[in-house]
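Given next are the chains, with one letter for each unit.
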Amino acid sequence: MAEEFLATEMDTAVRVVHLASSLCVKVQDKLRLPSSTNGHVKSKDDDSPVTVADWGVQAIVSWVLAQVFGGQNLSIVAEEDTESLSKAESLGLLGAVSSAVNEALSEASTYGLPKPDKPLGTTEILEAIGRCSSVGGPKGRHWVLDPVDGTLGFVRGDQYAVALALIENGKVLLGVLGCPNYPVKKECLSNGCNSQSGAAGSVTKGCVMYAKRGSGQAWMQPLIPGGYPESATLLKVSSVDDPVLATVCEPVERANSNHLFTAGLTNSMGVRKQPMRVYSMVKYAAIACGDAEVFMKFAQSSYKEKIWDHAAGVVIVEEAGGVVTDAGGRNLDFSKGVYLEGLDRGIIACSGQVLHEKIIGAVYASWESSSL
Ligand SMILES: Nc1ncnc2c1ncn2[C@@H]1O[C@H](COP(=O)(O)O)[C@@H](OP(=O)(O)O)[C@H]1O
Ligand SMILES: [Mg+2]
């Protein structure tokens, strides 16, 4: 029998996101210790923080993909570069990245992944991080990685995500989201999401979600310490289509999305609940598993959205039954390189068509009077 389409790609991506998530959990725990906070976080040129986890995840994902698929024609588009990490004054930081990477890779076989014969040296680690400098584009295969999406949430001990996707000829073929701090209903892990039991069940922390384009299925696994879980459950978006009952999520940071505009918009639609403000692509995860119905982001017009901030989340939401477009109702275009070129105003992800159409209508009705 022919091997299932993208079986190795999907399996490797899911496993490496589990491994990467476990690295993040360890680094985030260390960041919580007051004595070790400084030195593990660096400011980028735009003042956003980057941590041992950002570089560490990028290194292990790049190294594992190169082992499994060969480094020769491997194209990886990812957020971090090696510039500040290679500087002489960053030796301590590079050492911390190296320890985190080698600690994670020493456990790779328990995740069913290749493991280096001996610990990677700093040159190999910088090489792995630096390999991810592809700019993507309309042709061929490109892996797309946001090693730690929502770095601000990460350094604040809050929500963040590890996001890996595969784009081929401009289309997102698969997506994996590691959400190490996501509160998952135990009910959801045993009986699937929206199992309608109505019971206010207990919650566990951490999951990995994934989906393959066209499969009509999106899956969730629990994040378990030190290994790869045996089970996965199907994700399903919420069936709520009444704005009165809908939960709308948006970025925490005002700088990243206009809270006033979205408040006016949701108010005009009759949304009653307070917005759920969450860092990172965890917002897509919340839609995919039925915890929220809408995710909206309206950045300043001068900001250009990057493909790694959306690719994995979009395919997971769509395969779980949801809809994702720009504010003009068009699909996001992943074929133009690093940026989502031609994006009309903002991003709208919904659990279903009915809510989506209402929001698009409301955007048109309120846009003129907004200051965006
Ligand atoms: N001025 C801006 N407007 C909109 N988005 C921005 C932004 N500056 C950074 N971002 C993006 O917003 C992401 C965080 O999303 P959110 O605000 O939903 O938590 C950041 O991801 P990183 O944290 O990976 O850099 C970054 O890519
Ligand atoms: Mg990001």
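Source: prediction; values computed, not measured.

**Let's talk about the coordination of the magnesium ion (ligand 2)**
Here's step 1: In this structure, Asp 146 (OD), Asp 149 (OD) and Asp 309 (OD) serve as the protein donors to the magnesium ion (ligand 2), at separations of 2.0 to 2.1 Å.
Here's step 2: Donor residues for the magnesium ion (ligand 2) sit on one chain with the sequence pattern D-x2-D-x159-D. One end of the pair, Asp 146, is in strand E4 (residues 141-149); the other, Asp 309, is in the loop between strand E12 (294-297) and helix H10 (311-319), and 163 residues separate them in sequence.
Here's step 3: A relative accessible area of 0% places Asp 146 in the buried class.
Here's step 4: Judged by its relative accessible area of 14%, Asp 309 is buried.

**Details of the side chain of Gln 28**
Here's step 1: Among the structural elements, Gln 28 can be located in helix H1 (residues 7-32).
Here's step 2: In terms of polar contacts, Gln 28 uses its side chain to reach the backbone carbonyl oxygen of Phe 154, at 2.9 Å.
Here's step 3: Sequence-distant contacts of Gln 28, defined by excluding residues within four places in its chain, comprise Gly 153, Phe 154, Gly 157, Asp 158, Tyr 160 and Asn 181.

**Describing the sheet that holds strand E6 (residues 171-185)**
Here's step 1: Ordered by their spatial adjacency, 7 strands build an open sheet running E3-E4-E5-E6-E7-E8-E9, and the pairing between neighbours is mixed. Of all the strands in the sheet, just strand E3 (76-78) and strand E9 (233-234) have a single pairing partner and so form its edges.
Here's step 2: As defined by bridge partners, strand E7 (residues 203-212) adjoins strand E8 (residues 218-222) across 5 bridges and the pair is classed as antiparallel. Within the sheet, the bridge partner assigned to Cys 207 lies in E8 and is Pro 222.
Here's step 3: Those strands touched by H10 are strand E5 (161-168), E6, E7 and E8, and its axis lies near 85° from that of E6.

**Observations concerning the pattern of salt bridges**
Here's step 1: The final tally for this structure, using the stated rule, is 15 salt bridges.
Here's step 2: Between Asp 11 and Arg 15 there is a salt bridge whose closest N-O contact spans 3.1 Å. With a gap of 4 residues between them, Asp 11 and Arg 15 both fall in helix H1, about one helical turn apart.
Here's step 3: With relative accessibility at 34%, the residue Asp 11 sits in the partly exposed group.
Here's step 4: Where Lys 26 meets Glu 107, a salt bridge forms, and the shortest distance between an N and an O atom there is 3.6 Å. Within this pair, whereas Lys 26 is found in helix H1, its partner Glu 107 is found in the loop between helix H4 (91-105) and helix H5 (122-130), the two being separated by 81 residues in sequence.
Here's step 5: For Lys 26, a relative accessible area of 29% corresponds to the partly exposed category.
Here's step 6: Look at the salt bridges and you will find they share partners, linking Glu 9, Arg 141 and Glu 168 into a network.

Conventions used here
Residues numbered from 1 in each chain as written. Chains lettered and ligands numbered in written order. Predicted model: local features only at pLDDT ≥ 70, side-chain atom pairs only at ≥ 80, totals over all residues. Heavy atoms only, no water. Donors = N, O, S within 2.8 Å, 3.2 Å for Na, K, Ca; no water. Helix = DSSP H or I, 4+ residues; strand = E, 2+ residues; numbered from the N terminus. Buried < 20%, exposed > 50% of the residue type's maximum accessible area, 1.4 Å probe, protein only. Polar contact = N/O pair within 3.5 Å; in protein donor to acceptor, adjacent residues only side chain to side chain. Contact = heavy atoms within 4.5 Å. Pairing = 2+ DSSP bridges. Axes fitted to C-alpha atoms, helices over the stretch in contact; angles between N-to-C directions. Salt bridge = Lys/Arg side-chain N within 4 Å of Asp/Glu carboxyl O.

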